[in-house]
Amino acid sequence: KNGTDWYLDNDISGWGESTAHTGIQYTWKIQAPFFPMMNAAQINPDTYRLSEKMRILAGSFSDSRFKLLILEDATTICPHNYDLWFDMRSAVSEKTVRRDIL
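Residues numbered from 1 in each chain as written. Predicted model: local features only at pLDDT ≥ 70, side-chain atom pairs only at ≥ 80, totals over all residues. Heavy atoms only, no water.

Peer 1: Explain the environment of methionine 54 to me, using residue names and the numbers behind them.
Peer 2: Within the secondary structure, methionine 54 sits in helix α2 (residues 45-58). Given a relative accessible area of 16%, methionine 54 falls into the buried group. Spatially, the C-alpha atoms of methionine 54 and lysine 67 are 9.3 Å apart, while their sequence positions differ by 13 residues. If we ignore the near neighbours within four places in the chain, the residues touching methionine 54 are Ile70, Asp73, Ala74 and Ile77. (Helix = DSSP H or I, 4+ residues; strand = E, 2+ residues; numbered from the N terminus. Buried < 20%, exposed > 50% of the residue type's maximum accessible area, 1.4 Å probe, protein only. Contact = heavy atoms within 4.5 Å.)

Peer 1: Residues and numbers for the packing of α2 against helix α3 (residues 64-77), please.
Peer 2: It is the contact of α2 with α3, at a shortest axis distance of 9 Å, that shows an interaxial angle of 170°. The orientation of α2 relative to α3 falls into the category roughly antiparallel. Residues Thr47, Leu50, Ser51, Met54, Arg55, Leu57 and Ala58 of α2 lie in contact with α3, whose contacting residues are Lys67, Ile70, Leu71, Asp73, Ala74 and Ile77. Its residues assigned to classes, the contact of α2 with α3 shows eight nonpolar, two polar and three charged. (Axes fitted to C-alpha atoms, helices over the stretch in contact; angles between N-to-C directions. Parallel < 35°, antiparallel > 145°, perpendicular 65-115°, else oblique. Nonpolar A, V, L, I, M, F, W, Y, C, P; charged D, E, K, R; others polar.)

Peer 1: Quick one: what's the story with the confidence of the model for the protein chain, residue by residue and with numbers?
Peer 2: Summary statistics for the protein chain give a mean pLDDT of 77 and a share of 62% for residues scoring 70 or more. The least confident element of the protein chain is helix α1 (residues 34-42), whose mean pLDDT is 82; the most confident is α2, at 96. (pLDDT = per-residue confidence, 0-100.)

Peer 1: So what's going on with the packing of aromatic side chains? Which residues, and what values?
Peer 2: One pass over the structure, following the stated rule, counts two aromatic pairs. Taken together, a centroid distance of 5.7 Å and an interplanar angle of 45° make the contact between phenylalanine 61 and phenylalanine 66 tilted. For phenylalanine 66, a relative accessible area of 43% corresponds to the partly exposed category. Where tyrosine 82 meets phenylalanine 86, the ring centres are 6.2 Å apart and the plane angle is 35°; that geometry is what we call tilted. (Phe/Tyr/Trp six-rings, centres within 6.5 Å; stacked < 30°, edge-to-face > 60°.)

Peer 1: For α1, give the residues involved together with the corresponding values.
Peer 2: For α1, the full list of buried residues reads Phe34, Phe35, Met38, Asn39 and Ala41. Buried residues of α1, viewed axially, fall in a sector of 160°; they line one side. The inward-facing, buried residues of α1 contact α2 and α4 (82-93). (Arc of directions from axis to C-beta.)

Peer 1: Would you mind going over α3 in detail, with residue names and values included?
Peer 2: With 14 residues, α3 should cover 20 Å at 1.5 Å per step; its first-to-last C-alpha distance of 20 Å lies within 8% of that length. Here α3 has its buried residues at Ser64, Lys67, Leu68, Ile70, Leu71, Ala74 and Thr75. Packed against the buried residues of α3 are α2 and α4. (Expected span 1.5 Å × (residues − 1).)

Peer 1: I'd like a rundown of the pattern of salt bridges, residues and numbers included.
Peer 2: With the rule as written, the count across this model stands at four salt bridges. In this structure, glutamate 52 and arginine 55 form a salt bridge, with 2.9 Å as the shortest nitrogen-oxygen distance. Taken together, the residues glutamate 52 and arginine 55, both in helix α2 and three residues apart, mark about one turn of the helix. As far as burial versus exposure is concerned, glutamate 52 and arginine 55 are alike and both buried. Between arginine 65 and aspartate 63 there is a salt bridge, with its nearest N and O atoms 2.5 Å apart. Classification of aspartate 63 by relative accessible area gives buried; the value is 17%. A cluster of three or more residues bridged by salt bridges with shared partners is formed by Glu52, Arg55 and Asp87. (Salt bridge = Lys/Arg side-chain N within 4 Å of Asp/Glu carboxyl O.)

Put into structure tokens, the structure is as follows:
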């Protein structure tokens, strides 16, 4: 990381094929393309924390319609939060979601 920009050192395969070496903390996945995304999500800690609280809250609902509505609002607050999009994908896949709200 150079200031606020991520770059690959000794780039052989590009972002898509690169992974982290030992000693690197990663939140979502070990593949290198997730690091700039994680950095973008966490650049504003307040919005990231709020989106995470909303994500956790959404998981407490058994009705996936409510989950989806909360997660959708959370992605507006912090669009780079990968876990939100992952959870939204799961909520959309549930059978209780009405297709008219998608």
